[in-house]
Amino acid sequence: MPILTISGLRGMVPSDLKTDDFLKAGSAFGQFIEGGICIVGRDTRKSGQMAANAVIAGLLSKGCRVLDLGIASTPAVFREVKTRNIEGGISVTSSHNPPEWNGAKFGQANGVRQHG
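Residues numbered from 1 in each chain as written. Predicted model: local features only at pLDDT ≥ 70, side-chain atom pairs only at ≥ 80, totals over all residues. Heavy atoms only, no water.

As for the overall build of the protein
Phase 1: Looking only at helices and strands, the protein features three helices and seven strands.
Phase 2: Its helices and strands in sequence order give the protein the pattern β-β-α-β-α-β-α-β-β-β, from N to C terminus.
Phase 3: Taking 2.2 N^0.38 as the reference for a compact globule, 116 residues should give roughly 13 Å; the C-alpha atoms of the protein span a radius of gyration of 12 Å, in line with that estimate.
Phase 4: Reported as C-alpha extents along the three principal axes, the dimensions of the protein are approximately 35 × 25 × 25 Å. (Helix = DSSP H or I, 4+ residues; strand = E, 2+ residues; numbered from the N terminus. Rg over C-alpha atoms; globule rule 2.2 N^0.38 Å.)

Looking at unusual backbone geometry
Phase 1: Along the chain, V13 connects to P14 via a cis peptide bond; the corresponding omega equals 5 degrees.
Phase 2: Mapped onto the fold, P14 is located in the loop between strand 2 (8-12) and helix 1 (19-32).
Phase 3: For E34, which is not glycine, the phi torsion reads 55 degrees and is therefore positive.
Phase 4: Along the polypeptide, E34 turns up in the loop between helix 1 and strand 3 (37-42).
Phase 5: Taking relative accessible area as the criterion, E34 reaches 73% and is therefore assigned exposed.
Phase 6: Positive phi, close to 55 degrees, is recorded for N85, a residue that is not glycine.
Phase 7: Structurally, the position occupied by N85 is in the loop between helix 3 (74-84) and strand 5 (88-92).
Phase 8: What makes N85 exposed here is its relative accessible area of 60%. (Buried < 20%, exposed > 50% of the residue type's maximum accessible area, 1.4 Å probe, protein only.)

A few points about the pairing of strand 6 (residues 101-107)
Phase 1: Buried residues dominate strand 6, accounting for seven of its seven residues.
Phase 2: Here strand 6 shows no split at all, with W101, G103, K105 and G107 on one side and N102, A104 and F106 on the other all buried.
Phase 3: Relative to strand 6, strand 2 is paired through four bridges, and the arrangement is antiparallel. Paired with M12 across the bridge in strand 6 is W101.
Phase 4: Sheet analysis places strand 5 next to strand 6, joined by four bridges and oriented antiparallel. When the sheet's bridge partners are listed, S91 is paired in strand 6 with K105. (Pairing = 2+ DSSP bridges.)

With respect to the packing of aromatic side chains
Phase 1: This model, assessed by the stated rule, comprises two aromatic pairs.
Phase 2: Arranged with centres 6.1 Å apart and planes meeting at 25 degrees, the rings of F29 and F32 form a pair that is stacked. Of the two residues, F29 and F32 are both situated in helix 1; the distance of three residues between them amounts to about one turn of the helix.
Phase 3: Judged by its relative accessible area of 4%, F29 falls in the buried class.
Phase 4: You can call F32 partly exposed: its relative accessible area is 44%.
Phase 5: Residues F29 and F106 carry aromatic rings whose centres are separated by 5.3 Å and whose planes lie at 40 degrees to one another, so their mutual orientation is tilted. Taken together, the residues span a long stretch of sequence, with F29 in helix 1 and F106 in strand 6 at a distance of 77 residues.
Phase 6: Grouping aromatic residues by their ring pairs yields a cluster made of F29, F32 and F106. (Phe/Tyr/Trp six-rings, centres within 6.5 Å; stacked < 30°, edge-to-face > 60°.)

In structure tokens, the structure reads:
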């Protein structure tokens, strides 16, 4: 079962979180930022590229312009969002969880993280 917290969305891949879940998360955030610009970064987990690609596809489906940082820390993603003053950012990571986990953290230019 995926976990939704103040820190975002997390779960084991692919048992809890599948490609479609990341796609839906990107799509929902893209709708939330009204098709604006979104920065995406990811950590080095095995599922990271798949999850980031799905998040990006979801964002694109809502008309967002995506700036893909590739491998980047969560603070780096959100620093770029704030520095560039763009609509949002998504960090594909599961932070301190074991490697079979992954997730997404969402943020806006005002520095407020959105609940996943």
